[in-house]
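Read off the chains here:
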2 protein chains.
Amino acid sequence: MKEGGFISDLRQKIIQSALLLFEKQGFHGVTVNQIVEDVGTSKGGFYHHFTSKDELLFVIHDTFITYVLEKAIIAKETYQSPTKKLQGIVKDFVKVFDLYKPHISVFYQENIYLKPQYEILIKKKRDQFKQMVKQAIIEGKKAKEFREDLPVEITTMAILGMVNWTYKWYQQSGLKTIEEIGDIFVDLILHAVLQPETISSKRYEEVLIEKPFFTI
Amino acid sequence: MKEGGFISDLRQKIIQSALLLFEKQGFHGVTVNQIVEDVGTSKGGFYHHFTSKDELLFVIHDTFITYVLEKAIIAKETYQSPTKKLQGIVKDFVKVFDLYKPHISVFYQENIYLKPQYEILIKKKRDQFKQMVKQAIIEGKKAKEFREDLPVEITTMAILGMVNWTYKWYQQSGLKTIEEIGDIFVDLILHAVLQPETISSKRYEEVLIEKPFFTI
DNA sequence: TAAAACAGACCAACCAGTCGGTCTTAAGTA
DNA sequence: TACTTAAGACCGACTGGTTGGTCTGTTTTA
C-alpha cells in the first residue's frame, strides 16, 4: 500500500490473476478458489473487495471499455479530417491489443455471462464507441473523402469486426508487431473506403496522419 | 421415425434446442435439465444419444465446420481466377449466417470449453478453411490480380475477422438481407486487395462473378 | 483502539452423470 | 393373424462432487 502503489493492492492483484485465468479457461472454467489460490489470498480477501464473482467480471469489462472509449474520444478531438479521425481511432484501438489483450478476450468472450444490471452499463459504452467509428464514416462521405456509395452501418461493422477479431489470433511473439498490424489494417480500410481517385492520385498524402506501408 | 424423417428424431431435437439455448446463455449457462425440459424429454433420453454434455458441444461444432468447409471446397473448385475464388468463398460463407447463425455463435463463443480431444479435431478443419482463404490471396498476388504489397497472413485474418464478426450483430429482421451484406463485404474486400488499376479501369468486370453494388 | 483487511472452515444449492426400470417397435414363430 | 421376445428408446429418482458465497474470528493499519 505504501510503496509500489496499486501493485501491492490485493484488489488489482485479483483482477490481474482473474484476467489471465478467464482468458484461457473462461469465466465458468475458473472457480473463485482457483483465483484466490493463484493470487495467494483467501475467500475472505476476495469477498472483502468484490461483492460477487459477477462483479469482478463487470469490473474487468468496465476498466477496458472505459479506457478504449477515452482513447477514441481523444483521437476524434485531435484530428480534423474524417480520414485522419478514422485512422487515429483504428490505430489507437489496435495498439490496445498489446496492453489489454486479456481484457479484450474476456470482454468479447465472456460478455454473455454478464448479469443484466451490468450488461446495461457496458452496452452503453460499447455503443458509444461504435458510434464514433460510424460518425467518422458519415463525415467522411459528407466531406467527399470516402466513397459516396458506402453503406454506413455495414462498413462500420466490417471495420469493427476486422479489428476486434484480432483478439483471436494476435500474439506478442508473432512475426508482426502490433504497430505493423495496425498499419496494415488502416491500409486495408482506407483502400476500401476512400474515393478511388484519392488513392490513384497522390492526394491521400494530404489526408493521412502518416504514409501507410503501401506508399513505399 | 416413419414420416417426417430426422425432424422427429430426438437426437436432432436435442441439438436444435441446445443450439438456441447455448447461443443466448452460453454452454455453462445452460444445464442438461434445461435442455431436456425444453425438448420435452428426460435425462435418460439425453444420455441415450450423447455420452456427455461435452460431446453435444462437439457435435454442434463439427456439424457446422464440416458444412462450411465443404462449401469452400466447392467454391474453390468451381472458379478459376483467384478473385472469383475469394469472392465465391466469402459470399458462400456469409450466406451460411442465415441458416447457421446459432451454430456460428456457439462455434466462436464456446470453443474454449471444448475438451482437448475434441478441440484437436475441430482445429484441424478450422485451419483447413483458413488455409483456403490464404491460398486464394497468395494466388491472387501471383496472378497480379491483387496488390503485390499485400501481407498475406494479416490480410487473411482481416477478411476472416470482418466476416466472422457478423455473428455478433447480424439479425434476420435487420434492414439488410444476408445477400446484401455479402455483396458489401465482397466489395470492401476487393477494393482493399485488388490492384488499383483494375478498379479504376473497367477491367474488374472480367475477374468478377457478378458486378458488385458499387459498379451501379 | 477501532476500523479496515484478511483468513479459512463451513454450508446450502446445484448439476453432470448413473442406474434400475418401463415402454415401444419390429422381427421371429407357429 | 395372433403371440412371443429381445433389443433399442426413453424415463426419472438419486448421488457424489463441486462451487459461490457466508460468517466468525484474527491480524494489520492508522
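Residues numbered from 1 in each chain as written. Chains lettered and ligands numbered in written order. Predicted model: local features only at pLDDT ≥ 70, side-chain atom pairs only at ≥ 80, totals over all residues. Heavy atoms only, no water.

The name given to chain A in an unreviewed UniProt entry is TetR family transcriptional regulator, with Virgibacillus profundi as the source organism.

> Teacher, can you tell me more about the protein's contact with DNA strand C here?
Near DNA strand C you find 14 residues, and of these Thr 41, His 48 and His 49 of chain A together with Lys 43 and Lys 53 of chain B are the closest. Backbone sugar and phosphate groups make up 57% of those atoms of DNA strand C lying within 4 Å of the protein. Between His 48 of chain A and DNA strand C, the recorded distance is 2.7 Å, taken from a side-chain N or O atom to a phosphate oxygen. Between DNA strand C and the protein, one listed contact pairs a phosphate oxygen with a backbone N or O atom of Val 32 of chain B at 3.0 Å. When contributions to the surface near DNA strand C are tallied by element, the ones reaching two or more residues are helix H3 (43-49) of chain A together with helix H3 (43-49) of chain B. A per-element tally of the surface near DNA strand C places H3 of chain A first, with four residues. A per-class count over the surface near DNA strand C returns four nonpolar, seven polar and three charged. (Near = heavy atom within 4 Å. Polar contact = N/O pair within 3.5 Å; in protein donor to acceptor, adjacent residues only side chain to side chain. Helix = DSSP H or I, 4+ residues; strand = E, 2+ residues; numbered from the N terminus. Nonpolar A, V, L, I, M, F, W, Y, C, P; charged D, E, K, R; others polar.)

> Help me out: how do you make sense of the protein's contact with DNA strand D in this one?
Taken together, 15 residues lie around DNA strand D, and Lys 43 and Lys 53 of chain A together with Thr 41, His 48 and His 49 of chain B are the ones closest in. Taking the atoms of DNA strand D that fall within 4 Å of the protein, sugar and phosphate contribute 57% of them. Lys 53 of chain A places a polar main-chain atom, nitrogen or oxygen, 2.8 Å from a phosphate oxygen of DNA strand D. The contact in question runs from a base oxygen of DNA strand D to an N or O atom on the backbone of Gly 44 of chain B, over 3.2 Å. Elements represented by at least two residues in the surface near DNA strand D include exactly H3 of chain A together with H3 of chain B. Here the residues of the surface near DNA strand D are counted per class, giving four nonpolar, eight polar and three charged.

> Which parts of the structure should I look at to understand the side chain of Lys 53 of chain A?
Residues and elements named next belong to chain A. Turning to its location among the elements, Lys 53 is positioned in helix H4 (residues 53-78). Buried within the structure, Lys 53 lacks any salt-bridge partner; its nearest side chain of opposite charge belongs to Asp 54, at an N-O separation of 7.6 Å. For Lys 53, the side chain forms a polar contact with the main-chain oxygen of Phe 27, separated by 2.9 Å. There is a polar contact of 2.7 Å between the side chain of Lys 53 and the backbone oxygen of Val 30. Aside from chain neighbours lying at most four places away, what touches Lys 53 is Phe 22, Phe 27, His 28, Val 30, Thr 31, Val 32 and Phe 46. (Buried < 20%, exposed > 50% of the residue type's maximum accessible area, 1.4 Å probe, protein only. Lys, Arg positive; Asp, Glu negative; His and termini not counted. Salt bridge = Lys/Arg side-chain N within 4 Å of Asp/Glu carboxyl O. Contact = heavy atoms within 4.5 Å.)

> Even after reading the chapter, I still don't get the environment of His 191 of chain B, so can you show me in this structure?
Position of His 191 of chain B among the secondary structure elements: in helix H8 (residues 178-193). The class for His 191 of chain B is buried, based on a relative accessible area of 5%.

> Where do I start with unusual backbone geometry in this structure?
Excluding glycine, a negative phi dihedral is what most residues carry, and trans is how most peptide bonds are arranged. Notably, Lys 144 of chain A is not glycine yet its phi reads approximately 65 degrees, a positive angle. As for its placement among the helices and strands, Lys 144 of chain A is situated in the loop between helix H6 (116-142) and helix H7 (152-164).

> I tried to follow the relation of the copies chain B and chain A on my own but got confused; where do I start?
Each of the two chain copies can be brought onto the other by rotation about an axis and movement along it. Superposition record for chain B on chain A: RMSD 0.1 Å, screw rotation 180 degrees, translation along axis 0.0 Å. As the rotation angle and translation indicate, the two copies are arranged about a two-fold axis. Measuring from the rotation axis to each C-alpha of chain B, the shortest distance belongs to Met 162 of chain B, at 2.1 Å. A shared binding surface is used by both copies, with 97% of the interface residues of chain B retained as interface residues in chain A. (Least-squares fit on C-alpha atoms with pLDDT ≥ 70 in both.)

> Where do I start with the pattern of salt bridges in this structure?
A pair can form between side chains of opposite charge whenever their charged atoms are brought close. Residue and element names in this part refer to chain B. A complete count under the given rule lists 26 salt bridges over all chains for this structure. With its nearest N and O atoms 3.8 Å apart, the salt bridge here joins Arg 126 to Glu 119. Of the residues examined, Glu 119 reaches a relative accessible area of 22% and is grouped as partly exposed. Residue Glu 153 is joined to Lys 130 by a salt bridge in which the shortest nitrogen-to-oxygen separation is 2.8 Å. Note that Glu 153 is positioned in helix H7 (residues 152-164) and Lys 130 in helix H6 (residues 116-142), a separation of 23 residues in sequence. Assessed through its relative accessible area of 32%, Glu 153 is described here as partly exposed.

> What is the right way to look at the packing of H4 of chain A against helix H5 (residues 82-109) of chain A in this model?
Residue and element names in this part refer to chain A. Axis separation between H4 and H5 bottoms out at 9 Å; the angle between their running directions is 165 degrees. Judged by the angle between their axes, H4 and H5 are roughly antiparallel. Of the two possible hands of crossing, H4 and H5 adopt the one that is right-handed. Residues Leu 57, Ile 60, His 61, Thr 63, Phe 64, Ile 65, Tyr 67, Val 68, Lys 71, Ala 72, Ala 75 and Lys 76 of H4 form the contact with H5, whose participating residues are Lys 85, Gly 88, Ile 89, Asp 92, Phe 93, Val 96, Leu 99, Tyr 100, His 103, Ile 104, Val 106 and Phe 107. Of the residues in the contact of H4 with H5, the class split is 16 nonpolar, four polar and four charged. (Axes fitted to C-alpha atoms, helices over the stretch in contact; angles between N-to-C directions. Parallel < 35°, antiparallel > 145°, perpendicular 65-115°, else oblique. Left-handed = near helix turned anticlockwise from the far one by under 90°.)

> Explanation requested: the interface of chain B and chain A in the structure shown.
Buried accessible area, meaning the area lost when the parts come together, often serves as the stated size of an interface. Counting residues at the interface gives 37 residues for chain B, matched by 36 residues for chain A. Between chain B and chain A, a total of about 3,300 Å² is buried, with carbon and sulfur atoms accounting for 70% of that surface. At the surface where chain B touches chain A, the tally comes to two salt bridges. Among the ionic pairs, Arg 147 of chain B bridges to Asp 187 of chain A, the shortest N-O distance being 2.8 Å. Taken together, the links from chain B to chain A amount to twelve residue pairs in polar contact (both at pLDDT 80 or more). (Buried area = accessible area lost by both parts, 1.4 Å probe.)

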